[in-house]
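Analysis of the macromolecular model
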Amino acid sequence: MKLSIKLAACTFVTAAALMLSSNAFAAELLKVGSQGSEVSKLQQTLKSKGYYSYIVTGYYGSITKNAVTAFQRSNGLAVDGIAGSQTLGKLYSGTTSSNSTLLKVGSSGNEVTRLQQTLKGRRLFQHAVTGYYGSITKNAVMSFQRNSGLAVDGIAGRNTLNALYNNNTATISNASAVNNYTDQDLYWLSRIIEAEAKGESYTGKVAVGNVVLNRVKSSLFPNTVKGVIFEYYKGIPMFSPVENGTIYNTPDLESINAAKAALNGERPVGSATYFFNPSLSKGTWIVNNKTYVSKIGDHAFYA
């Protein structure tokens, strides 16, 4: 009797330990669709190591997946784009090979000397080469990043150094975006997001931007962000904020960041080109003629 009780107790403890271990792993598992502070931490760490060159959004989309994939490939890990316990352990341990190429304020030595000399050759660094990474070097790096369409953080990580040494400076505007979007695109996209998705989650805001940019790329709509937003059909604006004037409201920081994320390629609703709020409209034509994609907050999205 005592033996069976001990065995039962042992089995219970073992099962509990397995459940705890499983829960701990699940809590560490980050993949496309994940969001929150852990994703922000992941993006920030990838950014500091030169694998992620966009704003920290807290949303795990295709760009974050690609950054994780690149990190896994460089560090001999299974390449699946999922940040599980092994990937996160390697990333946060500080033992990756990318640390040797991360230069920032306080760094010194031959790599900083090389950095300064290269920046000087591009006429971005106008001072004596010292081998010490101070504020002057940081400002020169920021100028290079800005001119190259990279994330402007003053840290010479993998992406910055590759662009600098390979002479492959990009020709992108200061909109911190890809695909040749401009500051005006960011201006209007952040405003339509603010007007259409104020009060929605961050992902819901990015989704609205996703829809607008899908229309820009479609032959069925105007080919500019502003053109899409201000398009009329039979004398009626396609977007209600144009009609009621809320398109001219000043966007908050989250709406601006959501616009940047959409411009940088985040696509939480894929190929969707329509959305509406079912509690305010039946969206009959959309429902009858388009394919349902998903619902985020108060908005239903269709492609």
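This text gives an overview of the structure that appears in the document. (Residues numbered from 1 in each chain as written. Predicted model: local features only at pLDDT ≥ 70, side-chain atom pairs only at ≥ 80, totals over all residues. Heavy atoms only, no water.)

Here we come to the nonpolar core. L189, I192, V212, V225, I229 and F301 are the most contacted members of the largest nonpolar core, which totals 38 residues. Counting residues per element, the ones that place at least two in this core are helix 8 (183-197), helix 9 (202-217), helix 10 (225-229), helix 12 (253-263), strand 3 (274-276) and strand 5 (299-302). In terms of residues, this core owes the most to one element, helix 9, which gives 8 residues. Leaving out residues up to four positions away in the same chain, V225 has contacts with Y181, D185, W188, L189, V212, L213 and V216. Counting residues in each nonpolar core, the second largest holds 15 residues, with L42, L46, Y52 and Y60 among its members. (Core = buried A, V, L, I, M, F, W, Y, C linked by side-chain atoms within 4.5 Å. Buried < 20%, exposed > 50% of the residue type's maximum accessible area, 1.4 Å probe, protein only. Helix = DSSP H or I, 4+ residues; strand = E, 2+ residues; numbered from the N terminus. Contact = heavy atoms within 4.5 Å.)

The strand order across the open sheet formed by 3 strands is 3-5-4, and the pairing between neighbours is antiparallel. If you trace the sheet from one side to the other, it starts and ends with strand 3 and strand 4 (292-296), each paired once. Across the sheet, the axes of successive neighbouring strands diverge by a mean angle of 20°, strand direction being ignored. One ladder, built from 4 bridges, connects strand 4 with strand 5; its direction is antiparallel. Counterpart to K295 in the pairing with strand 5 is A300. (Pairing = 2+ DSSP bridges. Axes fitted to C-alpha atoms, helices over the stretch in contact; angles between N-to-C directions.)

Moving on: the environment of S108. Assignment of secondary structure puts S108 in the loop between helix 4 (85-93) and helix 5 (110-121). As a C-alpha pair, S108 and T130 span 22 residues in sequence and 8.6 Å in three-dimensional space.

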